[in-house]
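# Secondary and tertiary structure notes
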Amino acid sequence: MTITVAEPPPHDTPVVLARGFLTGGVVGASPAALAVGGSTENTPLFVMGWVLPVVYGLLFFLAGVPRRAREAAVVPRTALAMIETLHAVGGESSDVPVRFDLTVAPDDAPAYRVAITQDINLVELPDYRPRRVLVVQYPPDRPWRVRIVKRPAPEWAERAAGARLDSAPGPATLREPSAGCAFGSVVLLGLLLGAAGVILPFHADLFDGDATARQSASDRPSVSATSSTTSSTTVVSSASGTVALGPDQSFLDKGELRRAVDSLTKGKDARPALTVVVQERLLSVVFAPTGTQAARFDARSLPYERFPALVEEARTTLGVDSPRTWQLTADDLTGALTIRVAVTGTGGTALLEADGQGKVVRRTPAG
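Residues numbered from 1 in each chain as written. Predicted model: local features only at pLDDT ≥ 70, side-chain atom pairs only at ≥ 80, totals over all residues. Heavy atoms only, no water.

It is worth spelling out the overall build of the protein chain at this point. Scanning the protein chain for helices and strands turns up 8 helices and 14 strands. Within the protein chain, the fraction of its 367 residues that count as buried is 43%. (Helix = DSSP H or I, 4+ residues; strand = E, 2+ residues; numbered from the N terminus. Buried < 20%, exposed > 50% of the residue type's maximum accessible area, 1.4 Å probe, protein only.)

Set out below in structure tokens:
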């Protein structure tokens, strides 16, 4: 007998591709609007950089309500599972995200292996050990979405207490079907067009502003400079700075992000920043204009060493299926320095918030 799994929704349908294109467009347009709006002192454009992802996230959430209602109406299946391996993957609160490798043994199908991440309370963590038999549940049409039942029904708790399971072979690991190449291509196309759609209309203003800065050095002490290497490109204008990494590089690499920030703030008399936006290979810093009363902070004071762990936690613990893009934003608009990590995948968008020390204060799962 084999596991009966309903055919997953195809990833290359027009609706899915359109959603991927829009997501890429928002991811590309938002930091571009922040950078261009700050450079040209265009307040509406700068505000749009903040509002656009919020509005899109809200619309994305509302559009997914019917689907989530249908999924919630499906009665999950219950089965026994055995812990093969486990390890904590981070966390700063009493609930620690733990990565489990499980053997799941349904009553009416062969056993299979699956890897999941689930939050476990620190007090209960010693109870989870290799070879322990647990009770799990999963949707019938998505058996890879296994969740551990912490307080199962008495009959299932009794079965788990006396059960002995054999390990399923590793090659039988069940995973969610990955998106096709077309989906990744339209996301990238949307990202590029979104950024270009913001930058090109203000192309003249950007270059005129740089020319004015060069001609009036006494009036505008900030300088404009562009430097390129084989690994990265740095552009610094009078009001913003960007660093773009080359292929096979990431700002999550150890020390890469702090070096990039230092290159933008070096020799700028520690100009305060309005916002810092980080993506996989793109860093944007918008500096506070001289004399402005807007909320500001020292870009060098951010806990950059915590950023990779925050992104990893957002990608793996908030229910985002096949995470495609992430964006980290730091600002002081609410009166306290706040770090937000938004992760988008085929299952929706999730948000993680941390304070100025990188300690997680709020998690908003996908969907």
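Let's shift gears to the pattern of salt bridges. Counted under the stated rule, the structure contains 11 salt bridges. One salt bridge in this structure joins glutamate 313 and arginine 363, with 2.6 Å as the shortest N-O distance. Here glutamate 313 is found in helix 8 (residues 307-317), whereas its partner arginine 363 is found in strand 14 (residues 360-364), with 50 residues between them in sequence. With relative accessibility at 4%, the residue glutamate 313 sits in the buried group. (Salt bridge = Lys/Arg side-chain N within 4 Å of Asp/Glu carboxyl O.)

Moving on, we get to the nonpolar core. The biggest cluster of nonpolar side chains holds 36 residues, and the ones touching the most others in it are Val276 and Leu283. Residues contacting valine 276, with those up to four places away along its chain left out, are Leu283, Ser284, Val285, Phe297, Ala299, Leu302, Leu328, Thr329 and Ala330. Within the second largest apolar cluster, 19 residues are counted, among which are Ile120, Tyr128, Tyr138 and Val146. (Core = buried A, V, L, I, M, F, W, Y, C linked by side-chain atoms within 4.5 Å. Contact = heavy atoms within 4.5 Å.)

Let us look at the sheet that holds strand 3 (residues 112-121). Taken in spatial order, the 5 strands line up as 3-2-1-4-5 in an open sheet, and their pairing is antiparallel. Looking along the sheet, the strands with just one partner apiece sit at the ends: strand 3 and strand 5 (147-148). Two strands pair when backbone bridges link them, and strand 1 (residues 77-88) and strand 4 (residues 133-138) are joined in this way by 6 bridges, in the antiparallel orientation. When the bridges of strand 4 are listed, arginine 77 appears paired with tyrosine 138. (Pairing = 2+ DSSP bridges.)

To describe a pair of aromatic rings, you give the distance between the ring centres and the angle between the ring planes. Summed over the entire model, instances satisfying the criterion amount to 4 aromatic pairs. Where tyrosine 304 meets phenylalanine 307, the ring centres are 5.1 Å apart and the plane angle is 65°; that geometry is what we call edge-to-face. Each member of the pair, tyrosine 304 as well as phenylalanine 307, is classed as buried. In this arrangement the basic side chain of arginine 132 is found over the ring face of tyrosine 128, its NZ or CZ atom lying 5.1 Å from the centre. (Phe/Tyr/Trp six-rings, centres within 6.5 Å; stacked < 30°, edge-to-face > 60°. Lys NZ or Arg CZ within 6 Å of the ring centre and 35° of its normal.)

The next subject is the confidence of the model for the protein chain. Averaged over all residues, the pLDDT of the protein chain is 79; the fraction at 70 or higher stands at 81%. Segment residues 1-9 is flagged for pLDDT under 50; beyond a separation of four residues in sequence, or across chains, it makes 14 contacts in the model. For the stretch residues 209-230, pLDDT sits under 50, and the model shows 24 contacts to residues farther than four places along the chain or on other chains. (pLDDT = per-residue confidence, 0-100.)

On the secondary structure map, valine 186 appears in helix 5 (residues 181-199). Sequence separation between valine 186 and threonine 23 is 163 residues, and the spatial gap between their C-alpha atoms is 9.4 Å. Setting aside residues up to four positions removed in sequence, valine 186 forms contacts with Leu17, Gly20 and Phe21.

This part takes up the pairing of strand 4. The element strand 4 is extensively covered by neighbouring structure, given that 5 of its 6 residues are classed as buried. Here strand 4 pairs with strand 5 via 2 bridges, running antiparallel. In the sheet register, glutamine 137 faces strand 5, and the bridge partner there is arginine 147.

This brings us to a nonpolar patch on the surface. Side chains of Val47, Val51, Val55, Leu58, Leu59, Phe61, Leu62 and Val65 sit close together on the surface and give an oily, nonpolar patch of about 670 Å² of accessible area. For the nonpolar patch, the leading source of residues is helix 2 (residues 43-63), giving 7 residues. Tracing the backbone through its elements, the reader meets valine 47 in helix 2. For valine 47, a relative accessible area of 41% translates into the label partly exposed. (Patch = residues over 30% accessible without salt bridge, like charges linked within 9 Å, V, L, I, M, F, W, Y side chains within 5 Å. Areas by Shrake-Rupley, 256 points an atom, 1.4 Å probe, with all protein chains shown as cover.)

Axis separation between helix 1 (residues 14-40) and helix 2 bottoms out at 6 Å; the angle between their running directions is 160°. As judged from the angle between their axes, helix 1 and helix 2 are roughly antiparallel. As for the relative orientation of helix 1 and helix 2, their crossing is left-handed in sense. Every residue of helix 2 that contacts helix 1 at Arg19, Leu22, Thr23, Val26, Ala29, Ser30, Ala33, Leu34, Val36, Gly37 and Gly38 is listed here: Leu45, Phe46, Met48, Gly49, Trp50, Leu52, Pro53, Tyr56 and Phe60. Classifying every residue of the contact of helix 1 with helix 2 by side-chain character gives 14 nonpolar, 5 polar and 1 charged. (Axes fitted to C-alpha atoms, helices over the stretch in contact; angles between N-to-C directions. Parallel < 35°, antiparallel > 145°, perpendicular 65-115°, else oblique. Left-handed = near helix turned anticlockwise from the far one by under 90°. Nonpolar A, V, L, I, M, F, W, Y, C, P; charged D, E, K, R; others polar.)

We now examine helix 7 (residues 256-265). Burial in helix 7 covers these residues: Glu256, Leu257, Ala260, Val261, Leu264 and Thr265. Mapping the buried residues of helix 7 onto a view down its axis gives an arc of 160°, with all of them on the same face. Buried residues in helix 7 make contact with strand 7 (232-236), strand 8 (240-245), strand 9 (273-278), strand 10 (282-287) and helix 8. (Arc of directions from axis to C-beta.)

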